[in-house]
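Secondary and tertiary structure notes
Okay, here's what each chain looks like letter by letter:
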Amino acid sequence: MTTPAPHEVTQLLAQARAGDAGALDRLLPLVYAELRALAHRQRLRQGAAETLNTTALVHEAYEKLAHAGTAWSDRAHFFRVAARAMRQVLVDYARARTAAKRGGDARPLPLDEADLLPLERANEVVALDEALGRLSALDPRQGEVVELRYFVGLTIPETAEVLGLSPATVKREWTAARAWLYREMTRAA
Amino acid sequence: MDPHPDTTHHQRAKALFLDALDRPEGERDAFLAAGSVGDDALAAEVRALLAAHDAAEATGHLDRPLLDRDGGAFGDPAVGRAVGPWRLTARLGEGGMGAVYRAERADGAYERAVAVKLIRPGPDLGAAPPLGRRLAAERRILARLEHPHVARLYDGGVTAEGAPYLVMELVDGTPVTAYAEARGLDVEARLRLFLQVCDAVAYAHRHLVVHRDLKPSNVLVTEDHAGAPQVKLLDFGIATLLAEGDDDGGARTCTVGAMTPAYAAPEQVRGEAVTTATDVYALGVLLYELLAGRRPYELARRTAAEVERLVCEAAPPRPSQAAPDPALARRLRGDLDTVVAKAMAKEPERRYASAEALAEDLRRHLAGLPVAARPASAGYRLRKFAARHRAGVAAAAAVAVALVGGLGAALWQAHAAQVERQKAERVSAFLQETLASADPYEGRRSVTVEEVLDEAAARAGAELAGQPEIEAAVRHTLGTTYHSLGRPAAAARELERALALRRRLHGDAHPETAATLDALGALALDRADYPAADTLLARALAVRRRHPGPGAADLAATLLHIGALHQAQSRPDEAEARYREALALARRAGGGPSAALAHLGTLLYEQGAYVEADTLLAEAEAALRRRRSAEEQARSPRLAAVLNARAWVHYYLGAYDRVQPLLDEALAIRRRAFGPGHPEVGLALNELGWFHQDRGRYALADSLLREALATYRAAYGDRHEDVPAVLVNLAAGQRALGHLDAAAAYLEEALRIRRALSGDDHPDLAYVYNNLARVERERGRLAEAERLFREGLALRRRHLPAGHAEIATSLASLGQVVQERGRLAEAEELLREAVAVSRAAVGPDHLDTIWHEVGLSACLTARGTPGALAEAERLLTRALPRYEATYGSASPWTQRVLRELAALYDARGDRANADRYRARLTGT
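Residues numbered from 1 in each chain as written. Chains lettered and ligands numbered in written order. Predicted model: local features only at pLDDT ≥ 70, side-chain atom pairs only at ≥ 80, totals over all residues.

Describing the overall build of chain A
Let me state the cut-off plainly: By the criteria applied, helices consist of DSSP H or I runs no shorter than four residues and strands consist of E runs no shorter than two, each listed in order from the N terminus. With C-beta atoms placed from the backbone, a residue counts as buried when 20 or more other C-beta atoms lie within 10 Å of its own, as exposed when 12 or fewer do, and as partly exposed for counts between those limits. Throughout, a residue-residue contact means that the two C-beta atoms, derived from backbone geometry, are no farther apart than 7 Å.
Tallying secondary structure elements over chain A gives eight helices and zero strands in all. Reading chain A from its N end, one meets helices and strands in the order α-α-α-α-α-α-α-α. Here chain A holds 189 residues, and the buried ones make up 51% of them. Contacts in chain A between residues far apart in sequence, at least 24 positions, make up 66% of those at least 6 positions apart.

Some thoughts on the environment of Leu170(B)
Residue and element names in this part refer to chain B. When you line up the elements, Leu 170 lands in the loop between strand E6 (164-169) and strand E7 (174-175). On the basis of neighbour counts, which here come to 20 C-beta atoms within 10 Å, the residue Leu 170 falls in the buried class. In this structure, the C-alpha to C-alpha distance between Leu 170 and Ala 115, residues 55 residues apart in sequence, is 4.8 Å. Other than its neighbours up to four places away in sequence, Leu 170 contacts Arg 102, Ala 113, Val 114 and Ala 115.

With respect to the pairing of E6(B)
Residues and elements named next belong to chain B. Operational definition: The pairing criterion is simple: DSSP has to find at least two bridges between the two strands.
Counting buried residues along E6, five of its six residues qualify, which places the element largely inside the surrounding structure. By the bridge criterion, five bridges tie strand E5 (residues 153-158) to E6 in an arrangement that is antiparallel. Along E6, the bridge assignment pairs Val 158 with Pro 164.

Regarding the nonpolar core
Residue and element names in this part refer to chain B. What counts here: Each nonpolar core reported here comprises buried Ala, Val, Leu, Ile, Met, Phe, Trp, Tyr and Cys residues connected via C-beta atoms within 7 Å.
Counting 157 residues, the largest nonpolar core has Ala 556 and Ala 596 as the members making the most contacts within it. The biggest single contributor to this core is helix H27 (residues 637-652), with ten residues. With sequence-adjacent residues up to four places away left out, Ala 556 is seen in contact with Ala 582, Leu 585, Ala 586 and Ala 596. Residues Val 83, Tyr 101, Ala 277 and Ala 329 belong to the second largest nonpolar core, which totals 74 residues.

With respect to the pairing of strand E9 (residues 219-223) of chain B
Working note: regular strand, side chains alternate between the two faces of the sheet. Residues and elements named next belong to chain B. Relative to E9, E7 is paired through two bridges, and the arrangement is antiparallel. Note that in E9 the partner of Pro 175 across the bridge is Leu 220. In this structure, E9 lies alongside strand E10 (residues 229-233), joined through five bridges in antiparallel fashion. Bridge pairing in E10 links Glu 223 to Pro 229. The hairpin turn running from E9 into E10, its antiparallel successor, is five residues long, and Gly 227 in that turn takes a positive phi close to 85°.

Everything listed is a geometric property; what it means functionally is a separate question.
Below, the structure is given as structure tokens:
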């Protein structure tokens, strides 16, 4: 796995700021790869620790990928992409974790195969990911709120900062998204 | 561009939902009626969302992020800020008292990055002033420490906001345990690395500093320019001044601060005084983990009380017992076990007096000298001497154990055969002489267990030539000893000779001949030579019906062997009859019915009669424990077998949390009773590995299964059916992890061994084919999967009686893959045949049959015709109560039935019923 050159990331962030939505999509695979590598290292550093500090991971990825001169607003862009990448990392992990039960096609574990998630939680993640895909199609903003809150672990004010919304709005979006997902996940179980 | 109608609907529903949520519950209906302006679908959607909201609130749905984070915050205001001359560039993590950041000199005066620990004042840490004093103390301590293996303290101070901070050497290293694993270090290299840790700790102790939180993440390894590993000890942040003279008198008793339960000493867990001995304990745990590859206690997800009990009272397995492979276990047994045990003694005064003393003992060990940890008995020094002079020699202790066992068996044998006392004495005298010959003091080199037994066998021929009765008794004893030591070929040789002698002496109808026939029969059974076992045991039974022995114990023993044979031959009814007869005999005699209880209980468990099986097995366990001291229980293979069976009964009853302790104890007993390389240990490892795999603990399962494989291979070579069985389990683990190539490689190997065992045309190959087929299925190669399933089916059809249950399994697997390939009519036909075969084989009400019916209903649902759906409904509604009654509703089997029911009603468009079943699905 190669680490992308920092300027590449900075450039993509600048393009995104200039209104090029596709730039964020091109950024995703870079961030995804970096998060996997960092997650692996974090787990190596912590030995048998059973938690993965997702927030620290995203910060670390940012430190590593973004050039020192990156603007603050780009940082928010970065977090939005990183949230999606984090979701992919964790969902890939959860899918591999549940592969035995589902009998489906599974990619290798992106993280160490230690018990990062109990199986029940892994099942929840897979179900959530599917429901979240449908939600994002209907309401991208709600999808982003859930990604930042659930997969990165940001608080309401932090999420608001990243998305440039008021905390009250984030709270309402979150409440509505949670109810929608609950219904969807219990329906699709 | 108009928004998509779904999006519009979603936005309207969202807005209405949020507004409704702001109203009191009683007003919501009216509000909805008004707000939805006649759009019933919208009103229904919002009602569903409101209900979902209440349920989500009640269950805390998604309330917590997927993974806990420990305090990390987006836009951490500290990152980017200056702290003194340092600019914080990234958050590295959380320490005992606050966050740690990576930092650089703001003015660029200093190139290297450092670690800055920013102390977070908080209610849990008390008011700021004492904290400030503690930190000042810490700075003074740390500033005094200057050692190549201790991370340096550079600077410290107080931020503009008044938060104290420390600036330390930034160590970009790997935790010592992970480093050792990654580099594949051998035991010597690990010890040398650990000696660096000891030196650093000893240095700190000389400066009156206790670390108090030694653990791998605080012991990092970097490599110097020559690539040599260098240990750096981090985080003396919670060190406490030992000496008087601290300006804060309360510091010594302050209990604030981190400790990590896995490495905490008993006194630390109890909140008692912490001394240098506390660090010695943590060093012991670290050494344990470095050597054995795992920690002494499994503390994850335990309550504080459980942790305290385990750490303060439970004796952990020795590192050699915890070691993942037999070679490592042998390397650790003895000195290193003892050193770790002494470092980890529960009472501080029994530990090494210092880290230096611990290091010194390890240095002695590395030099091949006796360690101080153990009082040097003559025997110990002797073994040490022997080991230095001849590597790989078996410990005299093992020889003694084998011979004591042999003697015990010989004496029992003498009694059971009712030979006269004199004969018994001569038998034991002979064995004692052999024992003496194994003693190095007799002027010979040390010998292995097998050599002692071989020696006895050879001498029996020469020295007992004129005494056939004694020779027969000795050979019988040797044979049963070889058998119980897991050396079947030698056992057969000795028992055959004993049998020949006894036949010549007494003829076939004599109790002594019957005893040897029975022993040979049991051996043949273990070697899976069923026709031979059948003949031998039938002849033993005929004699023992006339000579049942005291308390009918001999007759009962043979009945149990025959029952076990029937069980192995899949003739459960006959097995049950034999076991019940043996049980009745044992109960009548008032003796110990535990063996019969255990056999019958195990059989009933295999038949799926879990509740009765558990009752019998519980009685067997109680009987076995009653008659044995704790010491005897700890090495009773019978107890292990019963615990094992109980474990699986609990498993099938869905009481998963009760399974592991039973399997763990069974494994520990077998290790002690049989020694590490014995096939019984392999069996226990295989089962424990399977269980952990089933529970998703793949890494652990993999190490257990690998050890099982190594154990079997050491005992049998490749030529035993247990070897491919473990390979298939290892493959299943790899498959679950998505490592399909690795899974396929294991299966190819299993296939090769199976073929070598029984040729290309044997029904047991089908098992491997089916597993290969599952791998192919997951690779998306359905055609190849189908081909392999067909191959397995063909083998079974050729070799098994028509209507065998395994044919049904093959048909069901094939049917499923054909269904996935979209050939529904053909799939239905296969699945119907699976059901029919299963009905004939095990009966229409057997759970296996019902399981095949569930598979058939899935296909019927996919077909979707009204007739098919009606039949699926009938099958599933019959299956559900059976699975619930047997396994409860949370088991994966019951859950699948519920899922199929929901799918069925979905297919029918019967939303109410579909939801009713879906509501009963757990998490998935």
